[in-house]
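Chains, contacts and geometry: an overview
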Amino acid sequence: MLTYSRNLLKLARGQRDLHPRLAMYYVTTHCNLNCAYCEDFGAQRNETAIAPPGLETAQQILRVIRSGIPCLWLTGGEPLLVPYLPELLELARRELKFREITLISNGTLLFQRPEIFPQLDRLVISLDSSDPMALAAVNLPLPSAEAVIHSVKLAASQQKKHHFRLIVNAVLTPETLPGLPSLLDFCQKEKVLLSFSPQSFNNWPRYELLISPEYRAFIEGVIAAKQRGAPILGSFAYLQTLLEQKPYECYPTLTPRILPEGWLVYPCRPMEKAGGEQGGRAVNLLEVENWGQAWEAAQKRYGEPPSACQSCFQQCYAEPSLMQARPLEMLAERLLHSRGLDLTTYAPG
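A few points on the structure. (Residues numbered from 1 in each chain as written. Predicted model: local features only at pLDDT ≥ 70, side-chain atom pairs only at ≥ 80, totals over all residues. Heavy atoms only, no water.)

1. A look at the nonpolar core
Counting residues in hydrophobic clusters, the biggest one holds 114 residues, and the most contacted among them are Tyr25, Ile65 and Leu123. Dropping the residues within four chain positions of it, Leu123 is found in contact with Leu103, Leu110, Phe117, Ala155, Phe164, Arg165, Leu166 and Ile167. (Core = buried A, V, L, I, M, F, W, Y, C linked by side-chain atoms within 4.5 Å. Buried < 20%, exposed > 50% of the residue type's maximum accessible area, 1.4 Å probe, protein only. Contact = heavy atoms within 4.5 Å.)

Have a look at this one:
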């Protein structure tokens, strides 16, 4: 909570360059699926994607991250495609002693790698429906859909033994919306948490969702279900933001991204992708001795994050930002609604 408190002081002074609470390391940008809503990765893009670095390079990147950040998220692409992932997790857990380690996966390969369970604090699996046939609407072949659901059930059964928490993360699309109440029932049955993010297009929620009465009714239903104690991992503040679609104060430096080959993206992926003078690939972690040097170089190049930002409404940026700016709501969530999980470091995406 020390970093959280330091950030509160920064906000009180009107500063926006908040200290990171977690680092999101893209182990690879290669993937084995072509999900219809994914704007960045996918098997069809693998030929043009940069190959993941070797184990020693990835380990050095983690060492630099750990010199300044206590919590680690490993994502992709699909991180389970990387053969040395277990060794990387072993380093993060045993030697570097990250306080919290989270892995995001599409789940298709998880049943082949059960040895990773003991190394995790949180496992996030992407799943948009509990009906394998319905997942064809987001371009997920039936064998892959069945594999994901099998992996969710497998991981759910291992939570107590290996002391990690499983979260299913669903993307809200017009196509998946009808099946999401059943997905919540599935998660309740399997004793796993469920979180949501709207499908984005150029960093904004898909237009069909913005004008959809069904979308609004669903979010209202999720809020009501959470009030009744349903296993929904998402603050009331975040869910209300999804419902009202009003811009919020985003603090992207809370959750910095590092690309596979070591580039620190500052202050966020949307600004890096947009180009211009407000953000980009600021510094490579392989060219510095520690995180402090990397962060100083990034801030020197791009300055504080802009105050006028078109909020993207993705939980990976919105949730940490909202919880950092609202300490009383953060405490209420942690004590009463989120099963003891820290939403200030929950950033699926």
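Let us keep going from here.
2. Notes on the pairing of strand β1 (residues 23-26)
Here β1 shows a buried face lined by Ala23 and Tyr25 and a second buried face lined by Met24 and Tyr26. One ladder, built from 4 bridges, connects β1 with strand β2 (residues 71-75); its direction is parallel. By the bridge assignment for β2, Met24 is matched with Trp73. On the question of chirality, the crossover connecting β1 to the parallel β2 by way of helix α2 (residues 55-66) is right-handed. (Helix = DSSP H or I, 4+ residues; strand = E, 2+ residues; numbered from the N terminus. Pairing = 2+ DSSP bridges. Right-handed = clockwise from strand over helix to strand, strands pointing away.)

3. Digging into the pattern of salt bridges
Overall, the coordinates contain 18 salt bridges when judged by the stated rule. In this structure, the salt-bridge partner of Lys10 is Asp17, at a minimum N-O distance of 3.3 Å. When its relative accessible area of 12% is taken as the criterion, Asp17 is described as buried. Within the structure, one salt-bridge network assembled from shared partners comprises Asp40, Glu261, Arg269, Glu272 and Arg281. (Salt bridge = Lys/Arg side-chain N within 4 Å of Asp/Glu carboxyl O.)

4. A few points about the packing of aromatic side chains
Aromatic ring pairs are defined here through the distance separating the ring centres and the angle between the ring planes. Under the defined criterion, the tally for this structure stands at 8 aromatic pairs. Here a set of aromatic residues connected by ring pairs shows up, and it is made of Tyr266, Trp291, Trp295 and Tyr302. It is Arg66 that lies over the ring of Phe98; its NZ or CZ is 5.4 Å from the centre. One residue, Lys226, lies across the ring of Phe236, its end atom 4.9 Å from the ring centre. (Phe/Tyr/Trp six-rings, centres within 6.5 Å; stacked < 30°, edge-to-face > 60°. Lys NZ or Arg CZ within 6 Å of the ring centre and 35° of its normal.)

5. Remarks on unusual backbone geometry
Here the residue pair Tyr266 and Pro267 is connected by a cis peptide bond, since its omega of -5 degrees sits within 30 degrees of zero. Phi is positive for Lys97, which is not a glycine, with a value near 55 degrees. At Lys191, a residue that is not glycine, the phi angle is positive and equals roughly 60 degrees. The topology assignment puts Lys191 in the loop between α5 (180-190) and β6 (193-198).

6. A word on the packing of helix α11 (residues 315-325) against helix α12 (residues 327-337)
Pairs of packed helices are described in terms of their axes, by the angle between the two and the distance that separates them. Axis separation between α11 and α12 bottoms out at 5 Å; the angle between their running directions is 115 degrees. Overall, the two elements α11 and α12 adopt an arrangement that is roughly perpendicular. Two secondary-structure elements touch here, α11 through Met323, Gln324 and Ala325 and α12 through Pro327, Glu329, Met330 and Glu333. Across the contact of α11 with α12, the residue classes break down as 4 nonpolar, 1 polar and 2 charged. (Axes fitted to C-alpha atoms, helices over the stretch in contact; angles between N-to-C directions. Parallel < 35°, antiparallel > 145°, perpendicular 65-115°, else oblique. Nonpolar A, V, L, I, M, F, W, Y, C, P; charged D, E, K, R; others polar.)

7. Looking at helix α1 (residues 2-12)
Those residues of α1 that sit buried are Thr3, Tyr4, Asn7 and Lys10. In a view along the axis of α1, the buried residues occupy a sector of 115 degrees, so they form one face of it. Along α1, exposed side chains directed more than 90 degrees from the buried face belong to Leu2 and Ala12. Contact partners of the buried residues in α1: α11 and α12. Looking at the residues trailing α1, positive phi occurs at Gly14, about 80 degrees. (Arc of directions from axis to C-beta.)

8. A short note on the pairing of strand β10 (residues 263-266)
Pairing analysis gives 2 bridges linking strand β9 (residues 257-258) to β10, with the strands arranged antiparallel. Bridge assignment links Arg257 to a residue of β10, and that residue is Val265. Between the antiparallel neighbours β9 and β10 lie 4 residues, among them Gly262 with a positive phi of about 105 degrees. Where β10 lies against strand β11 (residues 280-284), 4 bridges are found, and the strand directions are antiparallel. Among the inter-strand pairings, Tyr266 is bridged to a residue of β11, identified as Gly280.

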